[in-house]
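A closer look at the structure
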Amino acid sequence: MTYLNYVIGAYAVFAVVMFWDLLVPQLQIRRELRAARLRKAREAKRAEPVELSR
Amino acid sequence: MNPVLLWFHQLGSPPIFDRFAARWAPWCYAVAFVLMGIGLWQAFQVPADYQQGDSFRIFYIHVPSAMMSMLVFGVMAVYAAIALIWRIKLCEILAMACAPVGAAFTLITLVTGSIWGKPMWGTWWDWDPRLTTELILLFLYLGVTGLYHAIDDRRAAARAAGLLAIVGVALLPVIKYSVVWWNSLHQGQTISLFGDSKIDPSMQLPFWLMFVAVQFWFAGSLLSRARADNLRREAGKDWVAKLAVRP
């Protein structure tokens, strides 16, 4: 008996969980930096002088 | 001031920590990938066990993950204690960043153990002391993460969750000695960091490679998660805005 299917299943679980652990913080960092970029753009837009027209 | 001590103090500054984490996390992951690659390749080169067949190869991911599940909890509790005593914000962040990584290792331990248990014990699960205490450890990790995200004030949340982590440390010796204290289904200690291991030396190399690899993985993941939380807490500060617009 080799039980190879069980081995493959266990290694697949390991790979999936590790991939999740790798991916999640990268996405969080990207999201935070994007939010900061958008915040900066909004602030810059708000600071622009508004020309009033009649 | 001692330069090492000075560097350590400076690391408490959010922008300096961000630079440190951004620089070193990829290196930690890279070392982990290389060691894991060699370790897993080696894991399939060693001969199959004469009784367990190939199923013993699950050992190479199960045992390092099990060791990490306890080690990460200990590290989390130490950071939480430092954060509670000296009110160091970075230690709060690091303590809370440990929880999801530890939960991931605990989940791997439980699932791979269960997969190994089916052909070897004839069951996916048994309410054995080692399995049950490891499951409680997973719930503790989830409890720490849940508590941290349930309170709006990040500092108060980190203090409450940190307290749970410190109390939870009492579970670690119970997990470690559960196979000694109770006559259970789970086998006793196979491999020892400081003493003699019961596994044949020809089967040990992949284990040690995987063991070192998961340490580096933990370091990389901890730095990345702490960096994300640090950025979230510092949102609106000038240094984050400058970092965000940098090409």
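Above this text sits the structure in question.
So, a few notes on the structure that sits alongside this text. (Residues numbered from 1 in each chain as written. Chains lettered and ligands numbered in written order. Predicted model: local features only at pLDDT ≥ 70, side-chain atom pairs only at ≥ 80, totals over all residues. Heavy atoms only, no water.)

A count of helical and extended segments in chain A gives one helix and zero strands. Principal-axis analysis of the C-alpha atoms places the extent of chain A at approximately 85 × 20 × 5 Å. Scored against the burial criterion, the 54 residues of chain A give a buried share of 26%. Counting only carbon and sulfur atoms, one obtains 60% of the accessible surface of chain A, whose full area is about 4,300 Å². Side chains of chain A give 10 positive and 5 negative charges; the mean places of these two sets differ by 3 Å. (Helix = DSSP H or I, 4+ residues; strand = E, 2+ residues; numbered from the N terminus. Buried < 20%, exposed > 50% of the residue type's maximum accessible area, 1.4 Å probe, protein only. Areas by Shrake-Rupley, 256 points an atom, 1.4 Å probe, with all protein chains shown as cover. Lys, Arg positive; Asp, Glu negative; His and termini not counted. Charge placed at Lys NZ, Arg CZ, Asp CG, Glu CD.)

On to the overall build of chain B. When its secondary structure is counted, chain B shows nine helices and zero strands. When the helices and strands of chain B are listed from N to C terminus, the series reads α-α-α-α-α-α-α-α-α. In summary, chain B has a C-alpha radius of gyration of 20 Å against a globular reference of 18 Å for 247 residues, a match within 12%. Judged by the C-alpha coordinates and their principal axes, chain B covers about 60 × 35 × 35 Å. In chain B, buried positions account for 50% of the 247 residues. If you take every contact in chain B between residues at least 6 apart in sequence, the share linking residues at least 24 apart comes to 73%. (Rg over C-alpha atoms; globule rule 2.2 N^0.38 Å. Contact = heavy atoms within 4.5 Å.)

Residues and elements named next belong to chain B. Viewed as axis vectors pointing N to C, helix 3 (residues 59-86) and helix 4 (residues 89-121) meet at an angle of 160°, and their least axial separation amounts to 8 Å. The pairing of helix 3 with helix 4 is recorded here as roughly antiparallel in orientation. The chirality of how helix 3 crosses helix 4 is left-handed. Along the lines of polarity and charge, the residues of the contact of helix 3 with helix 4 split into 17 nonpolar, eight polar and one charged. (Axes fitted to C-alpha atoms, helices over the stretch in contact; angles between N-to-C directions. Parallel < 35°, antiparallel > 145°, perpendicular 65-115°, else oblique. Left-handed = near helix turned anticlockwise from the far one by under 90°. Nonpolar A, V, L, I, M, F, W, Y, C, P; charged D, E, K, R; others polar.)

Their axes nearest at 9 Å, the elements helix 1 (residues 4-47) of chain A and helix 4 of chain B cross at an angle of 170°. With respect to each other, helix 1 of chain A and helix 4 of chain B are oriented roughly antiparallel. Contact residues: helix 1 of chain A offers A:Y6, A:G9, A:A10, A:V13, A:F14, A:V17, A:M18, A:W20 and A:D21, while helix 4 of chain B offers B:P100, B:V101, B:A104, B:F105, B:L107, B:I108, B:V111, B:T112, B:I115, B:K118 and B:P119. Its residues assigned to classes, the contact of helix 1 of chain A with helix 4 of chain B comprises 16 nonpolar, two polar and two charged.

All names here are of chain B. Along the chain, V63 turns up in helix 3. With a relative accessible area of 17%, V63 lands in the buried category. If we skip the residues at most four places from it in the chain, V63 touches I191 and F207.

Looking now at the interface of chain A and chain B. The interface is formed by 28 residues belonging to chain A together with 44 residues belonging to chain B. For the pairing of chain A and chain B, the buried interface totals around 3,000 Å² over both sides, and the portion due to carbon and sulfur atoms is 75%. The largest contributions to the chain A side of the interface with chain B come from A:Y6, A:Y11 and A:F14, which together make up 22% of the buried area. On the surface where chain A and chain B come into contact, there are two salt bridges. Where B:R232 meets A:E32, a salt bridge forms, and the shortest distance between an N and an O atom there is 3.3 Å. At the boundary of chain A with chain B, the tally comes to six residue pairs in polar contact (both at pLDDT 80 or more). Looking at the side of chain A that touches chain B residue by residue, the classes come out as 18 nonpolar, four polar and six charged. (Buried area = accessible area lost by both parts, 1.4 Å probe. Salt bridge = Lys/Arg side-chain N within 4 Å of Asp/Glu carboxyl O. Polar contact = N/O pair within 3.5 Å; in protein donor to acceptor, adjacent residues only side chain to side chain.)

What follows is about the side chain of B:T109. All names here are of chain B. Structurally, the position occupied by T109 is in helix 4. The class for T109 is buried, based on a relative accessible area of 5%. Contacts of T109, omitting those with residues within four sequence positions, involve H62, S65, A66, S69 and E134.

Take a nonpolar patch on the surface next. Taken together, the side chains of B:Y177, B:V180, B:W181 and B:W182 present a nonpolar region at the surface, about 470 Å² in accessible area. Within the secondary structure, B:W181 sits in helix 7 (residues 171-181). (Patch = residues over 30% accessible without salt bridge, like charges linked within 9 Å, V, L, I, M, F, W, Y side chains within 5 Å.)

All right, on to the packing of aromatic side chains then. Within this structure, the stated rule accounts for 17 aromatic pairs over all chains. Aromatic pair A:Y6 and B:W124: ring centres 6.3 Å apart, planes at 50°, arrangement tilted. With A:Y6 in helix 1 and B:W124 in the loop between helix 4 and helix 5 (129-150), the pair connects residues from two separate chains. Residue classification places A:Y6 among the partly exposed residues on the basis of a relative accessible area of 26%. Residue classification places B:W124 among the partly exposed residues on the basis of a relative accessible area of 45%. Among the aromatic residues, those joined into a cluster by ring pairs are B:F56, B:F59, B:Y60, B:F207, B:W208 and B:F211. Positioned over the ring face of B:Y177 is B:K176, at 5.7 Å from the centre of the ring. A cation sits over an aromatic face here: B:R225 above A:W20, 5.1 Å from the ring centre. (Phe/Tyr/Trp six-rings, centres within 6.5 Å; stacked < 30°, edge-to-face > 60°. Lys NZ or Arg CZ within 6 Å of the ring centre and 35° of its normal.)

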